[in-house]
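# Notes for the structure review
So you can see what is in the structure, the chains are spelled out below.
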Amino acid sequence: MEERKTPRNGLIDVMRLGFAGIVMMYHFYSSGKKHFPGGFLGVEFFVILAGFLMFSAWERHQVSGLPLDKRQQYWLGYMKKRYVKFFWYNLIAFVLAFLAVRIWCDQIHSVVSISDALSKDIWEILLVNMSGLNCGNYQLNLPAWTMSCMLFAEFFILGMLVFLEKPFLTFLMPLTLIAGIGYWANLKDPSLRFFHTFLTFGVLRVYVLTCMGIFAYLLYKRLKGISFSHTGRWILTAAELLGYITCVLIVLYRNSRYYQFCFILATTLVLAVSFSGKSFAGSMLPANTVTNFCAELSLSLYLIHWPVLMVFQHVFKDINELYRQKFVFLYCALAVALGYTYIMRGVLNMLLIVKRKLKSVMLERL
């Protein structure tokens, strides 16, 4: 069976890096909310995109047409790959965060103190430590909460697709979207620290966004089947670029929950248009080595900027002095993220080599 991969889009990959930078600067200014008031919405962009790509892979492999046991194998295999990738990315970032925050900033040096700190932080390494289930405490590397929530949401959604695909897509997903957004919109305290029955708000937020990514994919399939005229494609291009501009303006200047939903809706629509290939924006900025690297760097920047920020906040305790160092912080965070990207390339390549070696040794002995 020949795979037809969803084509990469250079504009989306560049936007990923841009939103990662905006999230970083939102955290930088979080003490005074001076700039980037809606910068946290970059997370929404990442999760909706992840939901789109998850369902795209499901459709590409034509899993729905396979027997139940094959669908279950795909489900568990997909989650295994996601967990392994997230685990190693999170582990290296965690080590750097532990050295920066616990060892340097918190001045934890004795073996006993380090062991006590690790006993609390180890759940973060295993990606099961969700904000809200951690006695109200934030994680050591705050951005890593997204990964644990994404694993939970994707595991649940793929399980529903394996056993109840049609009921889920036509009834349960629309129903939970309406109920989830309604619940979200009326929360008195939408912070990630607030605990809501079994789930944390962070998991609910990521689940809703992942479903929106699936909706974006279904819209993308419809757009692909439409033949637009030359003028129609230019109108679609203008609408796509306007959508991205709207998203950027929202994160730069607005912070209300209602603008948050405007951002989510605009992101859902522009991703569908961008991947459809019906606008001219994709041909203006085609996927290439540079845009692919932007996508890779975006994950590194998102994960690694937090320990860099903790060091800067420790060194520059006066907030005004900290804000004056914004360009130094930006350069340092980008440099660390760049190094982290190449470190992760080496780690992942090494893991593949070790896996092949172990497999060959085990097969020979058997």
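Procedures and definitions
Residues numbered from 1 in each chain as written. Predicted model: local features only at pLDDT ≥ 70, side-chain atom pairs only at ≥ 80, totals over all residues. Heavy atoms only, no water. Helix = DSSP H or I, 4+ residues; strand = E, 2+ residues; numbered from the N terminus. Expected span 1.5 Å × (residues − 1). Bend = angle between axes of the 7 residues up to and from the residue. Patch = residues over 30% accessible without salt bridge, like charges linked within 9 Å, V, L, I, M, F, W, Y side chains within 5 Å. Areas by Shrake-Rupley, 256 points an atom, 1.4 Å probe, with all protein chains shown as cover. Salt bridge = Lys/Arg side-chain N within 4 Å of Asp/Glu carboxyl O. Phe/Tyr/Trp six-rings, centres within 6.5 Å; stacked < 30°, edge-to-face > 60°. Buried < 20%, exposed > 50% of the residue type's maximum accessible area, 1.4 Å probe, protein only. Axes fitted to C-alpha atoms, helices over the stretch in contact; angles between N-to-C directions. Left-handed = near helix turned anticlockwise from the far one by under 90°. Contact = heavy atoms within 4.5 Å.

With 41 residues, helix 5 (residues 145–185) extends only 21 Å from end C-alpha to end C-alpha; this falls clearly short of the ideal 60 Å at 1.5 Å per step. Where helix 5 bends most, at Leu164, the angle is about 125°, and the proline Pro167 comes one to four residues later.

With that settled, the discussion passes to a nonpolar patch on the surface. Nonpolar side chains collect at one region of the surface, where Tyr83, Val84, Ile122, Trp123, Leu126 and Val128 lie side by side and expose about 510 Å² of accessible area between them. Secondary-structure elements contributing two or more residues to the nonpolar patch are helix 3 (68–105) and helix 4 (111–125). As for its position among the elements, Val84 is in helix 3.

The next subject is the packing of aromatic side chains. Two numbers describe a pair of aromatic rings. These are the distance of the centres and the angle of the planes. This structure, assessed with the given rule, holds 28 aromatic pairs. Each ring, one from Tyr29 and one from Phe36, has its centre 6.1 Å from the other, and the planes form 25°; the classification is stacked. When the ring of Trp58 is compared with that of Tyr74, the centres are 5.9 Å apart and the planes differ by 70°; the resulting orientation is edge-to-face. Highlighted residues: Trp58 in helix 2 (residues 42–60) and Tyr74 in helix 3, separated in sequence by 16 residues. For the residue pair Trp58 and Tyr74, the accessibility class agrees, reading buried in each case. Counting every residue linked through ring pairs, the aromatic cluster contains Phe28, Tyr29, Phe36, Phe312, Phe316, Tyr323 and Phe329.

Tracing the backbone through its elements, the reader meets Cys262 in helix 8 (residues 257–276). Residue classification places Cys262 among the partly exposed positions, given a relative accessible area of 44%. Considered as a pair, Cys262 and Cys247 are 15 residues apart in the sequence and their alpha carbons are 8.2 Å apart.

Packing of helix 2 against helix 5 leaves a shortest axis separation of 11 Å and a crossing angle of 60°. The handedness of the crossing between helix 2 and helix 5 comes out as right-handed. Every residue of helix 5 that contacts helix 2 at Val43, Glu44, Val47, Ala50, Met54, Phe55, Trp58 and Glu59 is listed here: Trp145, Thr146, Met150, Glu154, Ile157, Leu158, Leu161, Val162, Glu165, Leu169 and Trp184.

Turning next to the pattern of salt bridges. For side chains of opposite charge, pairing can occur when their charged atoms come near one another. Under the definition given, this model contains seven salt bridges. The partner of Arg82 in a salt bridge is Glu154, and the shortest N-O contact between them spans 2.8 Å. Of this pair, Arg82 sits in helix 3 while Glu154 is found in helix 5, placing the two residues 72 residues apart along the sequence. Looking at Glu154, the relative accessible area reads 1%, which means it is buried. Here Asp106 ties to Arg102 by a salt bridge, and the two come within 3.2 Å at their closest N and O atoms. For Asp106, a relative accessible area of 40% puts it in the partly exposed group. On the basis of relative accessibility, which here comes to 17%, the residue Arg102 falls in the buried class. Linked by salt bridges that have partners in common, Arg102, Asp106 and Asp121 make up one network.

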